[in-house]
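# Structure at a glance
Chain by chain, the residues run as shown.
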Amino acid sequence: MRDVAIIGVGQTKFGQLWDKSLTNLAVEAGVKACLDANIDQKDVEVIYGGTMSGGLFVNQEHIASLLSDFSGFKNIPSIRVEAACASGGLALRQAYIDIASGLHDIAVVGGVEKMTDIGGHSVTKALATAASQEWEAFFGATFPGLYAMIAKLHMHKYKTTEEQLAMCAVKNHKNALNNPFAQFHKKIQVEDVLNSTMVADPLKLFDCSPVSDGAAAVVLASKQKAKELCDAPVWISGSGHATDALSLHDREDITTLKATVEAAKQAYVQAKIGPKDIGCVEVHDCFTIAEICAIEDLGFCKKGEGGRFTEQGNTEIGGRIPVNTSGGLKAKGHPVGATGVAQTIEAVLQLRGEANGRNTNAEIAMMHNIGGSGGTAVVHIFRR
Amino acid sequence: MTVSKFWRNIPQYYNLIGKKCPECNSYYFPPRDVCSQCGNHKLEEHKFDGRGEIVTFTIIRTPLMDPEGEVIDIHAQTIPYILAIVKLEEGPKLTAEIVDCEIDEVKIGKEVGAVFRKIVEKGPHGVIQYGYKFKLVR
Ligand SMILES: [Zn+2]
């Protein structure tokens, strides 16, 4: 396997972007990434695009062809990758494997989702397709409902509190203030979270990530090309990918995302490091409880300690392990297919020292991207 | 859900018919065709009697709505409703509503039993769809 570097990044603003189509968003991110990498369209050899459901969100499938066509990458191979909300992270991994194998030397990895063209009801329905339709959704399960059941059991077993959950949202909103691409630039307090509308006990509206439009793209290159083209490449030093039961009820332990544990193990082994070596991490906080589970399952604290670990300030910028310096899914926004790629961009900006106002001086960074309620997990480790 | 998909699920939805692996004695509900424990693909039918306990639960408070604020959730008539993961006596877990009780009565660890109820009043094809829900054992 050859070494692979990230040599360019580009993202759109996240939010309700009524004036932009899925194509506009994807092309904007891709062009920005190529400009950042200082390469021409003709240098790109292959595209990997992560999108959860063009079909349900904008009635458009065959996204692979659309991406290469409108980005001006004529006739090159283009692959659309789908793993629900982990589509972007998995696209990165598939492109990594491609370059590492020696097949191609330069790839563009894109992630895009256009979610606000359809109504809230249809969005929730589309997102619910990431859960089991026959055995969860039919019986009344919604996505907030599934994560609420994880939260309820976590609180029962480990005495995690609603305030501790809220603290994840408060921190992520604070971090997003310094991220110009974030959907929200609004400081919130623990009380704001606790007083927001109850969605599914114990999760309230401010425990949930928003519905967003947005795209993100990175340029990957082989070692030789990276050294030719880039002064400050960021290296992918570990890549992990694992699956678990599609339905939450079929998991061994409801409060552990085993896919996260397994994917992290692969990435740590490949990078020859452990959790203590990570300088900052972007985790998949689609709900506040998901951030608590993630920091436990990635090994930053023991199972059950995530709430207290957060309350003690360990996950703040300046703390032991800064979590979601970008604002996370909660405040940066969650255009599902774009999320894994956007997390990667935050890791790259941190390692380059370009995360203005939120720099952590990290030497090693990590991203963690989840599909559904934990049926897929993708973890990557990056270094300077 | 289409009519054929609905009819296909009747044994499971109406009578909790799942699978059992004769090789390693693993039980499956929802049913599956290959044993996750030993790989055996000749699983036998098993009718679960529906006794179990609550592993975790939530109260679904916010129905799905369209942009004009009109409620269109197929489960909306029953909001707020109690959704739980129930562990059956034989071992498998499933997701279902808990009914016939006050919200305050539901606790993790409480014993429950399956009941047969209407799940959806009006499906996309105008059929009433039935299935299992659970109630507390008193
Ligand atoms: Zn077996």
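Residues numbered from 1 in each chain as written. Chains lettered and ligands numbered in written order. Predicted model: local features only at pLDDT ≥ 70, side-chain atom pairs only at ≥ 80, totals over all residues. Heavy atoms only, no water.

### With respect to the overall build of chain B
Worth spelling out the cut-off: Secondary structure elements are taken from DSSP: a helix is a run of H or I of four residues or more, a strand is a run of E of two residues or more, and numbering for both begins at the N terminus. Think of it in three bands: with a 1.4 Å probe and only protein chains considered, a residue is buried below 20% of the maximum accessible area for its type, exposed above 50%, and partly exposed in between. Throughout, a contact is declared for two residues whenever any of their heavy atoms are within 4.5 Å. Shrake-Rupley sampling with a 1.4 Å probe provides the accessible areas, and residues are treated as covered by the protein chains on show and by no other component.
The helix and strand inventory of chain B stands at 2 helices and 8 strands. Each helix (α) and strand (β) of chain B, taken in turn from the N terminus, gives the series α-α-β-β-β-β-β-β-β-β. In chain B, which comprises 138 residues, the share counted as buried stands at 46%. Considering only contacts within chain B whose residues lie at least 6 apart along the sequence, 51% involve residues at least 24 apart. With the model as given, the accessible surface of chain B reaches about 7,200 Å², and the carbon-plus-sulfur share is 49%.

### Structural notes on a nonpolar patch on the surface
All names here are of chain B. We count it as follows: Patch definition: residues with relative accessible area over 30% and no salt bridge; like charges joined within 9 Å; nonpolar side chains (Val, Leu, Ile, Met, Phe, Trp, Tyr) joined within 5 Å. We define a salt bridge as a side-chain nitrogen of Lys or Arg found within 4 Å of a carboxyl oxygen belonging to Asp or Glu.
Residues F116, I128 and Y130 make up a contiguous nonpolar surface patch of roughly 260 Å² in combined accessible area. Mapping F116 onto the fold places it in strand β7 (residues 111–120). Owing to a relative accessible area of 45%, F116 belongs among the partly exposed residues under this scheme.

### As for the interface of chain B and chain A
In many reports, interface size means the accessible area that the parts give up when they come together. Here is the rule we go by: Pairing of N or O atoms within 3.5 Å defines a polar contact, subject to two protein rules: one partner must be a possible hydrogen donor and the other a possible acceptor, and residues neighboring in sequence count only if both atoms are side-chain atoms. Note on residue categories: nonpolar means Ala, Val, Leu, Ile, Met, Phe, Trp, Tyr, Cys or Pro, charged means Asp, Glu, Lys or Arg, and polar means any other residue, Gly included.
Across the contact, 38 residues belong to chain B and 30 residues belong to chain A. Connecting chain B to chain A are 2 salt bridges. Taken together, the links from chain B to chain A amount to 13 residue pairs in polar contact (both at pLDDT 80 or more). Classifying every residue of the side of chain B that touches chain A gives 24 nonpolar, 8 polar and 6 charged.

### Topic: the environment of I10 of chain B
Relative to the helices and strands, I10 of chain B is located in helix α2 (residues 10–15). A relative accessible area of 16% means that I10 of chain B is categorised as buried.

### Details of the confidence of the model for chain B
Low-pLDDT stretches of the model should not have their predicted coordinates read in fine detail. Operational definition: Think of pLDDT as the predictor's per-residue confidence, scored from 0 to 100.
Here chain B shows a mean pLDDT of 87. Residues at 70 or above account for 83%. Of the two predicted TM-score estimates for the complex, the pTM is 0.96 and the ipTM is 0.94.

### Here's the deal with the sheet that holds strand β7 (residues 213–222) of chain A
Residues and elements named next belong to chain A. Which entries qualify depends on this criterion: A pair of strands is treated as paired once DSSP finds two or more bridges between them. Angles run from 0 to 180 degrees between N-to-C directions of axes, and those axes are lines fitted to C-alpha atoms, restricted for helices to the stretch in contact.
Judged by pairing direction, the sheet is mixed, and its 9 strands sit side by side in the order β3-β2-β4-β7-β1-β8-β11-β10-β9 without closing on themselves. What marks the edges here is a single partner per strand, and that holds for β3 (78–81) and β9 (280–282). Ignoring which end each strand starts from, the neighbouring axes of this sheet average 25° apart. As judged from the 9 bridges shared by strand β4 (residues 106–114) and β7, these two strands associate in the antiparallel manner. Bridge assignment links G111 to a residue of β7, and that residue is A216. Packed onto the sheet, helix α1 (residues 22–37) meets β1 (4–11), β4 and β7 and runs at close to 130° relative to β1. Sheet contacts for helix α10 (residues 258–271): β8 (234–243), β10 (364–371) and β11 (376–383); angle to β8, the most-contacted strand, approximately 145°.

### Re the coordination of the zinc ion
Residues and elements named next belong to chain B. Basically, it comes down to this: Distances define the donors: N, O and S atoms within 2.8 Å of the metal qualify, as do those within 3.2 Å of Na, K or Ca. Water is excluded, so some sites may look unfinished. Working rule for geometry: tetrahedral if four donors all subtend angles between 85 and 135 degrees; square planar for four, octahedral for six, if opposite donors exceed 155 degrees and the others stay between 65 and 115; irregular in every other situation.
Those protein atoms acting as donors to the zinc ion are C21 (SG), C24 (SG), C35 (SG) and C38 (SG), and they sit at 2.3 Å. Seen from the zinc ion, its 4 donor atoms lie at angles of 103 to 118°, and the figure they make is tetrahedral. Within one chain, the residues donating to the zinc ion are spaced in sequence as C-x2-C-x10-C-x2-C. A residue pair is termed long-range when its members are at least 10 positions apart, and C21 in the loop between β1 (17–20) and β2 (27–28) and C35 in the loop between β2 and β3 (44–47) qualify at 14 residues. Assessed through its relative accessible area of 0%, C21 is described here as buried.

### Re the domain arrangement of chain A
Residues and elements named next belong to chain A. Here is the rule: Segment limits for the domains were obtained from an automatic or database-derived domain assignment. Joining two parts hides part of their accessible area as seen by a 1.4 Å probe, and the buried area is that hidden amount summed over both.
What the domain assignment reports for chain A is domain 1 (4–119 + 212–234) and domain 2 (138–208 + 237–383). Inter-centroid distance (C-alpha atoms) of domain 1 to domain 2 is 23 Å. Facing the 43 residues of domain 1 at the interface are 36 residues of domain 2. Here domain 1 meets domain 2 over a buried area of about 2,900 Å², counting both sides, of which 66% is carbon and sulfur.

### Observations concerning α1 of chain A
All names here are of chain A. The condition that has to hold: Expected span, for any helix, means 1.5 Å times one less than how many residues it has.
For α1, which comprises 16 residues, the first-to-last C-alpha distance of 23 Å matches the rise-based estimate of 22 Å (1.5 Å per residue) to within 8%. For α1, every residue scored as buried is listed here: L22, T23, L25, A26, A29, G30, A33, C34 and A37. Its buried side turned inward, α1 meets β1, α2 (54–58), α3 (63–70), β4, β7 and α9 (223–229).

### Examining the side chain of K19 of chain B
Residue and element names in this part refer to chain B. Along the chain, K19 falls in strand β1. Separated by 3.4 Å, the side chains of K19 and D33 make a polar contact. The contact partners of K19, leaving out residues within four places of it in the chain, are S26, Y27, Y28, P31, R32, D33, L43, E44, E45, H46 and F48.

### What to know about the side chain of T288 of chain A
You can see T288 of chain A is positioned in helix α11 (residues 288–297). In contact with T288 of chain A, not counting residues within four places along its chain, are L165, C168, A169, L203, F206 and D207 of chain A.

### Examining the nonpolar core
Nonpolar side chains tend to gather and get buried jointly when the protein is soluble and globular. All names here are of chain A. Defined as follows: Note on terminology: a nonpolar core comprises buried Ala, Val, Leu, Ile, Met, Phe, Trp, Tyr and Cys residues joined through side-chain atoms within 4.5 Å.
If you look at the biggest cluster of nonpolar residues, it comprises 65 residues, and the most contacted ones within it are Y147, I278, V281, I289, L298, F300 and M366. With 9 residues, helix α6 (residues 143–158) is the largest single contributor of residues to this core. Once you skip the residues sitting within four places of it in the chain, V281 turns out to touch L298, F300, I321, P322, V323, N324 and M366. Residues A91, V218, A342 and F382 belong to the second largest nonpolar core, which totals 38 residues.

### Some words on the packing of α6 of chain A against α11 of chain A
Residues and elements named next belong to chain A. Condition: Working rule for angles: under 35 degrees goes down as roughly parallel, over 145 as roughly antiparallel, 65 to 115 as roughly perpendicular, anything else as oblique. Working rule for handedness: look at the near helix, and if it is turned counterclockwise from the far one by less than a right angle, call the crossing left-handed; if clockwise, right-handed.
As a packed pair, α6 and α11 sit with axes 9 Å apart at the nearest point and diverge in direction by 60°. In terms of orientation, α6 lies oblique with respect to α11. In this structure, the crossing between α6 and α11 has a hand that is left-handed. On α11, the residues that touch Y147, I150, A151 and H154 of α6 are I289, A290, I292, C293 and E296. Counted by class, the contact of α6 with α11 contains 7 nonpolar, 1 polar and 1 charged residues.

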